[in-house]
Amino acid sequence: MALTEAGGEDGAMAISPLVLLDVDGVLNPSRRSSPRFRRHTYVLDGRPHPLLLDPSHGRALLALARDTGAELAWATTWSEDANREIGPRIGLPLLPVVPLDADTPVPAEVHPKTVHVAEYVRGRPFVWFDDNHGEADREYLRAHADVGDFLLVDVDSRNGLGAGHLDTARDWLTARASMGA
Ligand SMILES: [Mg+2]
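Heads up: these notes are all about the structure in this document.

Rules of the game
- Residues numbered from 1 in each chain as written.
- Predicted model: local features only at pLDDT ≥ 70, side-chain atom pairs only at ≥ 80, totals over all residues.
- Heavy atoms only, no water.
- Phe/Tyr/Trp six-rings, centres within 6.5 Å; stacked < 30°, edge-to-face > 60°.
- Helix = DSSP H or I, 4+ residues; strand = E, 2+ residues; numbered from the N terminus.
- Buried < 20%, exposed > 50% of the residue type's maximum accessible area, 1.4 Å probe, protein only.
- Donors = N, O, S within 2.8 Å, 3.2 Å for Na, K, Ca; no water.
- 1 Å grid on protein atoms, 1.4 Å probe; cavity = no way out; pocket = protein on both sides within 12 Å on 5 of 7 lines; lining within 4 Å.
- Points joined across faces, edges and corners; volume = space filled by probe spheres on them.
- Nonpolar A, V, L, I, M, F, W, Y, C, P; charged D, E, K, R; others polar.
- Axes fitted to C-alpha atoms, helices over the stretch in contact; angles between N-to-C directions.
- Parallel < 35°, antiparallel > 145°, perpendicular 65-115°, else oblique.
- Contact = heavy atoms within 4.5 Å.
- Expected span 1.5 Å × (residues − 1).

## Concerning the packing of aromatic side chains
Any two aromatic rings considered together are summarised by their centre-to-centre distance and by the angle between their planes. The full count for this structure, using the stated rule, is 2 aromatic pairs. Their ring planes at 40 degrees and their centres at 4.6 Å tell us that tyrosine 42 and tryptophan 78 sit as a pair that is tilted. Taken together, the positions of tyrosine 42 in strand E4 (residues 38–44) and tryptophan 78 in the loop between strand E6 (71–74) and helix H2 (80–90) put the pair 36 residues apart, joining distant regions of the chain. The burial state of tyrosine 42 is the same as that of tryptophan 78; both residues are buried. Taken together, a centroid distance of 5.6 Å and an interplanar angle of 20 degrees make the contact between phenylalanine 126 and phenylalanine 150 stacked. Of the two residues, phenylalanine 126 is situated in strand E7 (residues 126–130) and phenylalanine 150 in strand E8 (residues 150–154); the sequence distance between them amounts to 24 residues.

And the structure:
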């Protein structure tokens, strides 16, 4: 994956931020919290699994990335299946996937995904939409040498991603950009 760079007004180069996406509890909530959600079935190992997806999420996330100069990436146990089963159903293109298979020790109370995200970002600022963030995850990220600025956006798994979460991300990314960060 190439790091994209944008020149600031003063000629300084800034590394583009990441927007990390979870699937279950974020794009696939536990209940149909708005009429926009469509029911789908995902077949895994011959067994059907229900999915609830809001097709407007793709447009909203692409607009967020475009307007703030950020790059979308999957941070989900769906891994590459997110590109096959989720992205096309909500209008997202193929996105980079945070690898979750590295054999990295996970401290107690830290979500295993957090350890892999810390390895992946390599100092790039990031927003992360997830329904499983806890204080231990924030502490782990703050203490990690390769993690720069970040914003964890907590999503209620019953409702999934909403306009308020997107606005929070947009405000943070816009403020960073206007500071020339
Ligand atoms: Mg989740």
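Next comes the rest of the write-up.
## Focus on the coordination of the magnesium ion
Every protein donor of the magnesium ion is listed here as Asp22 (OD), Asp24 (O) and Asp131 (OD), and their distances to the metal cover 2.0 to 2.2 Å. Written as a sequence motif, the donor residues of the magnesium ion are D-x1-D-x106-D. A residue pair is termed long-range when its members are at least 10 positions apart, and aspartate 24 in the loop between strand E3 (18–21) and E4 and aspartate 131 in the loop between E7 and helix H4 (135–143) qualify at 107 residues.

## Details of the environment of glycine 180
Along the chain, glycine 180 turns up in the segment after helix H5 (163–178). Taking the C-alpha atoms as reference, glycine 180 lies 12 Å from glycine 69; in sequence the two are 111 residues apart.

## Quick notes on the layout of surface pockets
Taking a probe equal in size to a water molecule and rolling it over the atoms shows the remaining empty space. Reported here for the second largest pocket is a volume of approximately 160 Å³. Taken together, 15 residues make up the lining of the second largest pocket; nearest its centre are Arg36, His57, Leu161, Gly162 and Ala163. Contributions of two or more residues to the lining of the second largest pocket are made by helix H1 (56–68) and H5. For the lining of the second largest pocket, the residue count by class is 5 nonpolar, 7 polar and 3 charged.

## Things to note about the packing of H1 against H5
Relative to each other, H1 and H5 sit at 10 degrees, their axes nearing to 10 Å. In terms of orientation, H1 and H5 fall into the roughly parallel class. For the pair H1 and H5, contact is made by Ala60, Leu61, Ala63, Leu64, Asp67 and Thr68 and by Leu166, Ala169, Arg170, Leu173 and Thr174, respectively. For the contact of H1 with H5, the class distribution of residues is 7 nonpolar, 2 polar and 2 charged.

## Some thoughts on H1
Across its 13 residues, H1 extends 18 Å between first and last C-alpha, which sits within 8% of the 18 Å expected from 1.5 Å per residue. Turning to H1, its buried residues are Ser56, His57, Gly58, Leu61, Ala63, Leu64, Ala65 and Thr68. Remark: glycine 69 follows H1 within two positions and exhibits a positive phi of approximately 70 degrees.

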